[in-house]
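Chains, contacts and geometry: an overview
Below are the chains, spelled out letter by letter.
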Amino acid sequence: MRRFPIGLTLAALVAFVILVGLGLWQLDRLKQTNANRAAIAALSGVPARPLEAVLLDGVHADHARVALTCQPSGASPATYRYALPNGVVGWRLLTMCPIAGSRFDGVLLDRGLVTKLAGAMAPASLTFPAPASVTGVLRKLGRKPMFGNEMTAVAGPPTVRVIDLPAVARIAARSGLSHPAPWYVVVERETPAAPDVAPSPVTEDTPRDNFGYALTWFGLALALLGVWAAFVWRRVMAP
């Protein structure tokens, strides 16, 4: 009997654990996406509450339907977030809304998809009017991504991959605000409506193929296990 390949086995074990972990991560993302869709669908008949009251409560802020009025401001710098509605590349418009009557001086708005940028691989520098009266769904901020979430403005307007706390702070600073709320509002309706912007729930832009990705990672893990078993058999057990 030949020597058992300990080093190769350890390497295969590490790779196997990583692949299984990626599969479980995709299943967790699918669970969260479905929960968000269900929560937003349940809000369709719920009357909007004043944002100030919801922020004061805080405990039930996530997925609360809110109404708010943005304080008059000058130019409102636009930031974009990548989206994939119906499999087509798109960009969501992010703008700060200055507010009063709260311990926060502003809240970030996800105003929806910019129709002019449908299919564009990078957003263009466009001008939009400042938001006024808004109805939407208050959402908690996302987790800080593993590989960074820096806004880029080398070849165009700034973009962000995830709406997390550092991203909100940077966007607020560009609008002259220093104490933004630790939530953001997904806009359902603006009065007056912003031209060339189509409000829509964020979950409509979320890829729905997490289950397929999970099966891919689990399949690769099983394939790796099979290759390792065949190698060990030929190396150690086979005559």
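Each chain carries its own residue numbering, running from 1 in the direction its sequence is written. Under the rules for a predicted model, residues below a pLDDT of 70 receive no local features and side-chain atom pairs below 80 are neither given nor counted, while totals for whole chains, interfaces and linings still include all residues. The side-chain values count all of the structure's non-hydrogen atoms but skip hydrogen atoms and water molecules.

Here's the deal with the overall build of the chain
For the purposes of this entry, the term helix denotes a DSSP run of H or I that reaches at least four residues, the term strand denotes a run of E that reaches at least two, and both are numbered from the N terminus. A count of helices and strands for the chain gives four helices and nine strands. Seen in sequence order, the chain has helices and strands lined up from the N terminus as α-β-α-β-β-β-β-β-β-α-β-β-α. The buried label goes to any residue with under 20% of its type's maximum accessible area, the exposed label to any with over 50%, and the partly exposed label to all in between, with areas taken from a 1.4 Å probe on protein chains only. Burial analysis of the chain (239 residues in total) assigns 40% to the buried set. A contact between two residues is defined here by any heavy atoms of the two lying within 4.5 Å. Across the chain, every contact between residues at least 6 apart in sequence was considered, and the portion connecting residues at least 24 apart equals 69%. For the chain, the computed accessible surface area is about 13,200 Å², with 66% contributed by carbon and sulfur atoms. Here, Shrake-Rupley sampling with a 1.4 Å probe gives the accessible areas, and only protein chains in the shown set may cover a residue.

Looking at the pairing of strand 8 (residues 180–191)
Strand pairing requires that DSSP identify at least two bridges connecting the strands. Pairing of strand 5 (residues 106–114) with strand 8 involves four bridges; the strand directions are parallel. Opposite L109, over in strand 8, you have V185 as the bridge partner.

Some words on the state of the cysteines
For this text, the term disulfide refers to a pair of cysteine sulfurs within 2.5 Å. Across all of its chains, the model carries one disulfide by this definition. Each sulfur in the disulfide pair C70 and C97 lies 2.0 Å from the other. Handedness here is read from the sign of the S-S torsion; for C70 and C97, about -115°, the answer is left-handed. Here C70 is found in the loop between strand 2 (64–69) and strand 3 (79–83), whereas its partner C97 is found in strand 4 (residues 90–98), with 27 residues between them in sequence. This pair shows no difference in class: C70 is buried, exactly as C97 is.

Digging into the pattern of salt bridges
Should the charged atoms of two oppositely charged side chains come close, the side chains can pair. For salt bridges, the criterion is a side-chain nitrogen of Lys or Arg within 4 Å of an Asp or Glu carboxyl oxygen. Applying the stated criterion across every chain, the model contains four salt bridges. R92 is paired through a salt bridge with D110; the nearest N and O atoms lie 2.9 Å apart. One end of the pair, R92, is in strand 4; the other, D110, is in strand 5, with 18 residues separating them in the sequence. We note that R92, like D110, is buried.

Here's the deal with the packing of aromatic side chains
The criterion for an aromatic pair is that two Phe, Tyr or Trp rings (for Trp, the six-membered ring) have centres within 6.5 Å, with stacked assigned to planes under 30 degrees apart, edge-to-face to planes over 60 apart and tilted to the rest. Under the definition given, this model contains one aromatic pair. Between Y82 and W91, the aromatic rings sit 5.7 Å apart at their centres with planes inclined by 75°, giving edge-to-face as the arrangement. Given a relative accessible area of 7%, W91 falls into the buried group.

Section: the nonpolar core
The biggest cluster of nonpolar side chains holds 19 residues, and the ones touching the most others in it are L68, V107, L109 and L138. Of all the elements, strand 8 adds the most residues to this core, at four residues. Ranked by size, the runner-up nonpolar core spans 14 residues in total, among them L94, L108, L141 and V202. What is meant by a nonpolar core is a set of buried Ala, Val, Leu, Ile, Met, Phe, Trp, Tyr and Cys residues, joined one to another through side-chain atoms within 4.5 Å.

Overview of the side chain of T135
Note that T135 resides in strand 6 (residues 133–140). Overall, T135 belongs to the buried group, its relative accessible area being 10%. Every residue in contact with T135, bar those within four places of it in the chain, is listed here: A48, R65, V66, A67, V187, E188 and R189.

Quick look at helix 3 (residues 165–174)
All of the buried residues along helix 3 are A167, V168, I171 and A172. For helix 3, the buried positions fall inside an angular range of 135° around the axis, keeping them on one side. Pointing more than 90 degrees away from the buried face of helix 3 are the exposed residues L165 and A173. Lining the buried residues of helix 3 we find strand 3, strand 4, strand 5, strand 7 (159–160) and strand 8. This arc corresponds to the set of directions leading from the helix axis out to the C-beta atoms.

Side note on unusual backbone geometry
Trans is the prevailing form of peptide bonds, just as negative phi is the prevailing case for residues other than glycine. That bond from T191 to P192 is cis: its omega, -5°, falls within 30 degrees of zero. With a phi close to 65°, D196 is a non-glycine residue in the positive phi region. With respect to the secondary-structure elements, D196 resides in the loop between strand 8 and strand 9 (197–198). Classification of D196 as partly exposed rests on a relative accessible area of 34%.

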